[in-house]
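Architecture and fold: a report
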Amino acid sequence: MGLVELLLLAVSLAMDAFAVSICGSMALSPDSRTAGALRFGIWFGAFQFLMPVIGYFSAISFIDYITAYDHWLAFILLGYLGVNMIRESKEACDIKKSYTTKEMAVLAVATSIDALAVGISLAFLNTNIWLASTLIGFVTFAIASFGGIAGFRLGAAVGKNANITGGLVLIGIGVKIVLEHTGLL
C-alpha cells in the first residue's frame, strides 16, 4: 500500500474521531477549549496508532472474531456514551471542565475499533505497520484536535442542548457503523 493510500486510509479512520471530538467538546467550558481539543487529539491519535498495531500482530488468531463483532462493540460503546450524555443534560450544570480518564478511554476505544480491523487487513497486505500506524495516529491527532475546536464553537451556538445533541450524534454514529457493517447502508 502506497503513501497516498495510507494517507486516505488515515483520514477515513479519523472521521469517527472527528465527529466524536465535535460532539464531546460542545459541552466543555470556555476555559478548557484548547486543552480539551488537544486532549481529544492525544487520546484518539494514540488509540488510532495503537489499535492497528494490535490488529496487525494478532491478525491470524482473532480475525474471525473481530470482523464478526467489531461493529456491534462500537455500537454498544457509542450508544452507552450517547445515552449518558443525554442523561447528563438534565443535570443543573451542562458545562464540563473535562472528561474523566474512563470517559476518554471508552471514546477512544469506540472510535478506534475500525483501526483494529484495518491492522488485521494491513497484515495480509504486508504493509509497513509502523509507518501506517504512525501516519494514522498523527492524522487522527490533527483532525480530532480540529474537531474539538470546532465543537467548542458549535457548543456556544447550541447552548443548553449541547449534551443532547452530542449524545444523539454519538448514538447516530453507532447506528451508522452497524448499518454499514450489516450491508443495510
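Heads up: the structure comes first, above all this text.
As the structure is a prediction and not an experimental result, all values here were calculated from the model.

**Observations regarding the pattern of salt bridges**
All chains considered together, the criterion is met by one salt bridge. Here Lys176 makes a salt bridge to Glu180, at a shortest N to O gap of 2.7 Å. Taken together, the residues Lys176 and Glu180, both in helix H6 (residues 162-181) and four residues apart, mark about one turn of the helix. The class of Lys176 is partly exposed, set by a relative accessible area of 41%. Overall, Glu180 belongs to the partly exposed group, its relative accessible area being 39%.

**What to know about the packing of aromatic side chains**
To describe a pair of aromatic rings, you give the distance between the ring centres and the angle between the ring planes. Tallying each qualifying case throughout the model produces six aromatic pairs. Ring geometry for Trp43 versus Phe47: centroids 5.9 Å apart, planes at 15 degrees, classification stacked. Separated by four residues within a single helix, Trp43 and Phe47 lie in helix H2 (residues 33-57), roughly one turn from each other. A ring pair is formed by Phe57 and Trp130, whose centres lie 6.1 Å apart and whose planes are at 40 degrees; its orientation type is tilted. Highlighted residues: Phe57 in helix H2 and Trp130 in helix H5 (residues 129-158), separated in sequence by 73 residues. In textbook terms, an aromatic cluster arises when at least three aromatic residues are bridged by ring pairs, as seen for Phe49, Tyr56, Phe57 and Trp130.

Calculation notes
- Residues numbered from 1 in each chain as written.
- Predicted model: local features only at pLDDT ≥ 70, side-chain atom pairs only at ≥ 80, totals over all residues.
- Heavy atoms only, no water.
- Salt bridge = Lys/Arg side-chain N within 4 Å of Asp/Glu carboxyl O.
- Helix = DSSP H or I, 4+ residues; strand = E, 2+ residues; numbered from the N terminus.
- Buried < 20%, exposed > 50% of the residue type's maximum accessible area, 1.4 Å probe, protein only.
- Phe/Tyr/Trp six-rings, centres within 6.5 Å; stacked < 30°, edge-to-face > 60°.

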